[in-house]
Amino acid sequence: TLHRDSWPSLPIFDLLCELGKLTLKEAYRSFNMGIGYVLIVDQNHVHDIHHFIRRTFNHFTLYTIGQVIAGEQHVQLL
């Protein structure tokens, strides 16, 4: 599950969707809507991973954007 409001959306993606007449699903498949790099980690280690990345690479902005849940293998945008 991805929570769409958990990271800022850049205006360029709105423009691309409008010009290309893309659905939201198509936009996420094509552009990832601004998500650059994703780590999937055990929820018990999120704090430690955030701390390490912020300490080591202080120019990155980190967001927790969703969760992996058991069930059908598809992405759900909320």
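This text goes with the structure placed above it.
Now for a quick tour of the structure. Keep in mind that what you see is a predicted model, and the values were worked out from it rather than measured.

Focus: the nonpolar core
One finds W7, F13, C17, A27, Y28, M33, I35 and I65 forming the largest nonpolar core, which totals 8 residues. Of all the elements in the fold, those that place two or more residues in this core are α1 (11–20) and α2 (24–31). Leave out the neighbours within four places in its chain, and F13 touches F31, M33 and G34.

A closer look at the environment of H45
Relative to the helices and strands, H45 resides in the loop between α2 and α3 (46–56). As a C-alpha pair, H45 and A27 span 18 residues in sequence and 31 Å in three-dimensional space.

Reading the values: rules and limits
- Residues numbered from 1 in each chain as written.
- Predicted model: local features only at pLDDT ≥ 70, side-chain atom pairs only at ≥ 80, totals over all residues.
- Heavy atoms only, no water.
- Core = buried A, V, L, I, M, F, W, Y, C linked by side-chain atoms within 4.5 Å.
- Buried < 20%, exposed > 50% of the residue type's maximum accessible area, 1.4 Å probe, protein only.
- Helix = DSSP H or I, 4+ residues; strand = E, 2+ residues; numbered from the N terminus.
- Contact = heavy atoms within 4.5 Å.

Shape descriptors only; they carry no functional weight alone.
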